[in-house]
Amino acid sequence: MLDRLNEKLSIPQRLGIMSVVASLPVLTLINLYWGSEQAQIDFTKKELLGTEYLQGVWPVFAAQAAGGEASPAQLAAANAAAAKFDKKLGTDGGALLASGKMEDSAKLIADIADGSNLTLDPDLDSFHLMDEISAAIPTIVSTVSDIPTPEDAASADPIALAGQFAAAKAVLALAETSHQTDIAEVIENTKLKSIKKDLPPLVAALDSRIESLSEEISAGSVQPESIAAVQEAANALWLVSGQGLEEMLKARQAKLSGGMWLNLLIALSLVAAAAGLMLVIARGITSRTSGLAGVLDQLAVHNDTSVSVPYLNDRHEFGRIAKAVEVFKSSLLRNHALAQEQADQELQTAKER
């Protein structure tokens, strides 16, 4: 079969096939690289969807945790986000928001983090900021909302009340530790100056109010103002953290996208340069083969010794072939000269006779 192909294919056709075959592995690697980079970009895009969804749901959760109800505008924004993102993230925000319960809103926040890849975030700064807005701060807000106030404590069983205070203090301590760890990691690892500048004072304010609340819990008498102060500080920190996470993810997406297109441009430029070089080489081969074949055709078929032999100065195979053709041409010239000399002699002999 290979012999048949060699019989049928010209040199330009063979060179074309070789070029295509040689380019396939390169194009395959480029495609694999593009797929890998695009997967990371899509991963980050999905995180951005989750961040946008969380920003729509958080005001509803914060209002419910404060003991009130979300405003119609807040509910409308949250439901619009649910309609936009539930199908993409595999969440059921519409149903959870419809219940009007803080517990369901808290579950929705956790579901959004899971469904949007935020809990799988590979970068330390954005991972800890994600944990801050989807776990640590919501836990603090929901925990303090369940702490009995003096009005609640007046009618509660003393033993049950003591258990509630102890449980709230333990959960609050764990949540505060998680929150402090998250913020410390974010500030250490992030490159965004706004985050480094804006978060520390908000964190200090929240920690101070949590400490005051913990003292009231230990004393067995918690004032509603102290709970509201913690929730207010937590809400302020959440809003800035949510915006910071969005900035981080957008910066990462831009960096990944820019890097991918730059590398692809470099790779395609190299492929184009290689293709151009291959074209030049192929044209050099085909022009020499066709040129020498044409000279041989003129010499052997048309017996035309006036044709000149090209490429005699080439220092490779074509140069040797050209010299061999030149020798063939010289032989033909000698043969022509001998034949002409013989013809002249025969003519002279005939005249003498």
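The following refers to the structure shown.

Further remarks concern unusual backbone geometry. Here Asn117, not a glycine, exhibits a phi torsion of approximately 75°, which is positive. By secondary structure assignment, the location of Asn117 is in the loop between α5 (102-115) and α6 (124-145). Residue Asn117 is classed as buried on the basis of its relative accessible area of 14%. Even without glycine at this site, Tyr311 takes up a positive phi of about 65°.

On to helix α11 (residues 317-352), then. The end-to-end C-alpha distance of α11, which contains 36 residues, comes to 52 Å, matching closely the 52 Å that a straight helix rising 1.5 Å per residue would cover. Looking at α11, one finds that the buried residues are Phe318, Gly319, Ala322, Val325, Lys329 and Leu332. Buried residues belonging to α11 abut α10 (224-300).

Another aspect to go through is the environment of Glu37. By the secondary structure assignment, Glu37 is in helix α2 (residues 11-65). Residue Glu37 is classed as buried on the basis of its relative accessible area of 13%. Put simply, Glu37 and Gly259 are 222 residues apart on the chain and 9.0 Å apart in space, counted from C-alpha to C-alpha. When sequence neighbours within four positions are dropped, the list of residues in contact with Glu37 reads Leu256 and Met260.

Attention now goes to the packing of aromatic side chains. Under the definition given, this model contains three aromatic pairs. Judged by centre distance (5.7 Å) and plane angle (35°), the rings of Tyr53 and Phe85 are tilted. Placement of Tyr53 in helix α2 and of Phe85 in helix α3 (residues 72-89) is noted, with a sequence separation of 32 residues between them. Phe85 carries the same exposure label as Tyr53, and that label is buried. One aromatic cluster is present, built from ring pairs that chain together Trp58, Phe61 and Trp238.

Tallied over the full model, the rule gives seven salt bridges. Two residues, Arg252 and Glu47, come together in a salt bridge whose shortest N-O distance is 2.9 Å. Pair noted here: Arg252 is in helix α10 and Glu47 is in helix α2, with a separation of 205 residues, a long-range link. The same class applies to Arg252 and to Glu47, which are both buried. Among the ionic pairs, Asp111 bridges to Lys107, the shortest N-O distance being 2.8 Å. One end of the pair, Asp111, and the other, Lys107, are both in helix α5, four residues apart, so they sit about a helical turn from each other. On the accessibility criterion, Lys107 (44% relative accessible area) is partly exposed.

For the rest of this paragraph, the subject is a nonpolar patch on the surface. On the surface, Leu262, Ile266 and Leu270 cluster together into a nonpolar patch covering about 300 Å² of accessible area. Assignment of secondary structure puts Ile266 in helix α10.

Here we take up the packing of α6 against α10. The description of two helices packed together rests on the angle between their axes and the distance between the axes. Between α6 and α10, the shortest axis-to-axis distance is 9 Å and the interhelical angle comes to 160°. With respect to α10, the axis of α6 lies roughly antiparallel. Here α6 and α10 pass one another in a crossing that is left-handed. Here the residues of the contact of α6 with α10 are counted per class, giving 15 nonpolar, six polar and three charged.

The subject of this paragraph is the side chain of Glu216. With respect to the helices, strands and loops of the structure, Glu216 is situated in helix α9 (residues 193-219). Buried charge without a salt bridge: Glu216, with Arg209 as the nearest opposite-charge side chain at an N-O distance of 11 Å. Here Ser226 takes part through its side chain, which lies 2.6 Å from a polar atom of the side chain of Glu216. Leaving out residues up to four positions away in the same chain, Glu216 has contacts with Ser221, Val222, Gln223 and Ser226.

About the cut-offs
Position labels on residues start from 1 in each chain and follow its written sequence. Local features in a predicted model are, by the rule used here, given only for residues with pLDDT of at least 70; side-chain atom pairs are given and counted only at 80 or more, and totals for whole chains, interfaces and linings are based on all residues. Calculation of side-chain values draws on the structure's entire complement of heavy atoms; hydrogens and water are dropped beforehand. Per the convention used, a helix needs a DSSP run of H or I reaching at least four residues, while a strand needs a run of E reaching at least two, with both numbered from the N terminus. Summary of the burial criterion: residues with accessible area below 20% of their type's maximum are buried, those above 50% are exposed, and those between are partly exposed, where the area comes from a 1.4 Å probe applied to protein chains only. A helix is expected to reach a length of 1.5 Å times the quantity of its residues less one. Contacts were defined at the residue level, with two residues in contact if any of their heavy atoms lie within 4.5 Å. Working definition: a ring pair exists when centres of Phe, Tyr or Trp rings (six-membered ring for Trp) sit within 6.5 Å. Plane angles under 30 degrees give stacked, over 60 give edge-to-face, the rest tilted. In the sections that follow, a salt bridge refers to a side-chain nitrogen of Lys or Arg positioned within 4 Å of a carboxyl oxygen of Asp or Glu. Residues enter a patch when their relative accessible area is above 30% and they make no salt bridge; the linking distance is 9 Å between like charges and 5 Å between nonpolar side chains (Val, Leu, Ile, Met, Phe, Trp, Tyr). Using the Shrake-Rupley algorithm and a 1.4 Å probe, accessible areas are obtained, with residue cover drawn only from the displayed protein chains. Whenever a helix is involved, its axis is fitted only over the stretch in contact; in every case the axis is a line through C-alpha atoms, and angles between N-to-C directions fall within 0 to 180 degrees. Any angle from 65 to 115 degrees is called roughly perpendicular, while one under 35 is roughly parallel, one over 145 is roughly antiparallel, and all others are oblique. Helix crossings are classified by the rotation of the near helix relative to the far one: an anticlockwise turn of less than a right angle makes the crossing left-handed, while a clockwise turn makes it right-handed. We call Asp, Glu, Lys and Arg charged. Ala, Val, Leu, Ile, Met, Phe, Trp, Tyr, Cys and Pro are nonpolar, and the rest, Gly among them, are polar. None of His or the chain ends enter the tally, which takes Lys and Arg as positive and Asp and Glu as negative. Polar contacts, as counted here, are pairs of nitrogen or oxygen atoms within 3.5 Å of one another; within protein the pair requires one atom able to donate a hydrogen and one able to accept it, and residues that are adjacent in sequence qualify only if both atoms are side-chain atoms.

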